[in-house]
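Remarks on the overall topology
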Amino acid sequence: MIRVLLADDDVLVRTGLRVLLEAESDLEVAGEAATGTEAVAAARRHRPDVVLMDVRMPGRDGIWATRRIVTGPEPRPRVLVLTTFDLDQVVEDALAAGADGFLLKRSSPEQLVAGIRVVHAGDALVAPEVTRRLLTTLAGRRAPERHRLALPDPLTEREVDVLRALAEGWSNAEIAAALSVSVETVRTHVKRVLTKLGVRDRTQAVVWAYRTGFLDLEN
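Every residue gets a number counted from 1 within its own chain, in the order that chain's sequence is written. Per-residue local features are limited, in this predicted model, to residues with pLDDT of at least 70; the limit for side-chain atom pairs, both in listing and counting, is 80 or more; totals at the level of whole chains, interfaces and linings are taken over all residues. Remark: hydrogens and water are excluded; side-chain values derive from all non-hydrogen atoms of the structure.

**Details of the overall build of the chain**
A run of H or I in DSSP counts as a helix once it spans at least four residues, and a run of E counts as a strand once it spans at least two, with each numbered from the N terminus. Looking only at helices and strands, the chain features 10 helices and six strands. Each residue's exposure class comes from its accessible area (1.4 Å probe, protein chains only) as a fraction of the maximum for that residue type: buried when under 20%, exposed when over 50%, partly exposed otherwise. Taken over 219 residues, the chain has a buried fraction of 48%. Here a residue-residue contact requires only that any non-hydrogen atoms of the pair lie within 4.5 Å. Here the analysis covers contacts within the chain between residues at least 6 apart in sequence; of these, 68% occur between residues at least 24 apart. Per-residue accessibility takes into account occlusion by the displayed protein chains alone, with areas from the Shrake-Rupley method and a 1.4 Å probe. Counting every atom, the chain has about 10,700 Å² of accessible surface; 52% of that belongs to carbon and sulfur.

**A few points about the side chain of Asp 54**
Considering the arrangement of structural elements, one finds Asp 54 in strand β3 (residues 50-54). Given a relative accessible area of 5%, Asp 54 falls into the buried group. What qualifies as a polar contact is a pair of N or O atoms within 3.5 Å, subject to a donor-acceptor requirement within protein and to the restriction that residues adjacent in sequence count only when both atoms come from side chains. Side chain to side chain, Asp 54 and Lys 105 meet in a polar contact 3.0 Å long. Not counting the four nearest positions on each side in its chain, Asp 54 is found in contact with Ala 7, Asp 8, Asp 9, Gly 62, Leu 82 and Lys 105.

**Comments concerning the packing of helix α8 (residues 172-179) against helix α9 (residues 183-197)**
Relative to each other, α8 and α9 sit at 105°, their axes nearing to 8 Å. Overall, the two elements α8 and α9 adopt an arrangement that is roughly perpendicular. Listed contacts from α9 to Asn 172, Ala 173, Ile 175 and Ala 176 of α8 are Val 183, Val 186, Arg 187 and Val 190. Axis lines are fitted through C-alpha atoms, for helices just across the contact stretch, and the angle between N-to-C directions can take any value from 0 to 180 degrees. In this scheme, roughly parallel covers angles under 35 degrees and roughly antiparallel covers those over 145, while 65 to 115 is roughly perpendicular and the rest are oblique.

**A word on the environment of Ser 107**
For Ser 107, the location among the structural elements is in the loop between β5 (101-104) and α5 (109-120). As a C-alpha pair, Ser 107 and Thr 83 span 24 residues in sequence and 9.9 Å in three-dimensional space. Within the local environment of Ser 107, its side chain forms a polar contact with the backbone oxygen of Leu 104, the two atoms lying 2.7 Å apart.

**Comments concerning the packing of helix α1 (residues 11-22) against α5**
Axis separation between α1 and α5 bottoms out at 11 Å; the angle between their running directions is 70°. On the basis of the axis angle, α1 is roughly perpendicular to α5. Across the interface between the two elements, Leu 17, Leu 20 and Leu 21 of α1 pack against Pro 109, Leu 112, Val 113 and Ile 116 of α5. Classification used: nonpolar for Ala, Val, Leu, Ile, Met, Phe, Trp, Tyr, Cys and Pro, charged for Asp, Glu, Lys and Arg, polar for all others including Gly. Of the residues assigned to the contact of α1 with α5, the class counts are seven nonpolar, no polar and no charged.

**Topic: α9**
Because an α-helix completes one turn every 3.6 residues, residues spaced three or four positions apart along the sequence face the same direction. To estimate the expected span of a helix, count its residues, drop one, and scale the result by 1.5 Å. Its 15 residues give α9 an end-to-end C-alpha distance of 21 Å, which sits within 8% of 21 Å, the value for a rise of 1.5 Å per residue. Residues of α9 that are buried: Val 186, His 189, Val 190, Val 193, Leu 194, Lys 196 and Leu 197. Axial view of α9: buried residues confined to an arc of 165°, hence all on one face. Exposed positions of α9 whose direction lies more than 90 degrees from the buried face are Lys 191 and Thr 195. In the segment just after α9, Gly 198 is the residue with positive phi, at about 70°. The arc refers to the directions leading from the helix axis to the C-beta atoms.

**Considerations on the nonpolar core**
To define a nonpolar core, start from buried Ala, Val, Leu, Ile, Met, Phe, Trp, Tyr and Cys residues and group those joined through side-chain atoms within 4.5 Å. If you look at the biggest cluster of nonpolar residues, it comprises 26 residues, and the most contacted ones within it are Ala 7, Val 51, Met 53, Ile 69, Val 79, Val 81 and Phe 102. Of all the secondary structure elements, the ones that give two or more residues to this core are β1 (2-7), α2 (36-46), β3, α3 (62-70), β4 (78-83) and α4 (88-97). With residues near it in sequence (within four places) discarded, Val 51 still touches Leu 5, Ala 7, Ile 69, Pro 77, Arg 78, Val 79 and Leu 80.

Written out as structure tokens, the structure is:
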């Protein structure tokens, strides 16, 4: 079972999410929270696998809560942030806080359920609409040309292929099929990419690639 914590200040939203998730045989609601402070406390108390995190909550918000949850003791829950289309700065702040994924609040029930399973499996998840907008914004703030490819330990050709696949939002299984290697080999490549870039997760690796100009949006 995948245990999910619901963090949203709207009781009707939490109720709807509970009904949706408990209809799935592999999902169960571990607890609920209405503020960021409650979310952090509930995550420590219930030890969920995934936290569905609203951004806008009274008092301490979802960004604050995400930062504290992801820097807590291992094993930590994965954090899937629910956001709106036009809050680019909020999405970027959540990413910097260490969120594992982003979905739009208008996502379909099927997308939400699938998203929980994806982040629980260790893959990053960003809604396509959010990805394009966010990365376009980040690309506009690229570092000067001379700093773009400065890595103490450069990526290998295969690691660059993996990074490009991550930028396309591919799962480990999809990357493995495309590169004709095992999923375990892909996991190893992803781990090496994260280490070389000095980032926490797959989503941050993609943002690094666009922000520094390592990858081009048009490619």
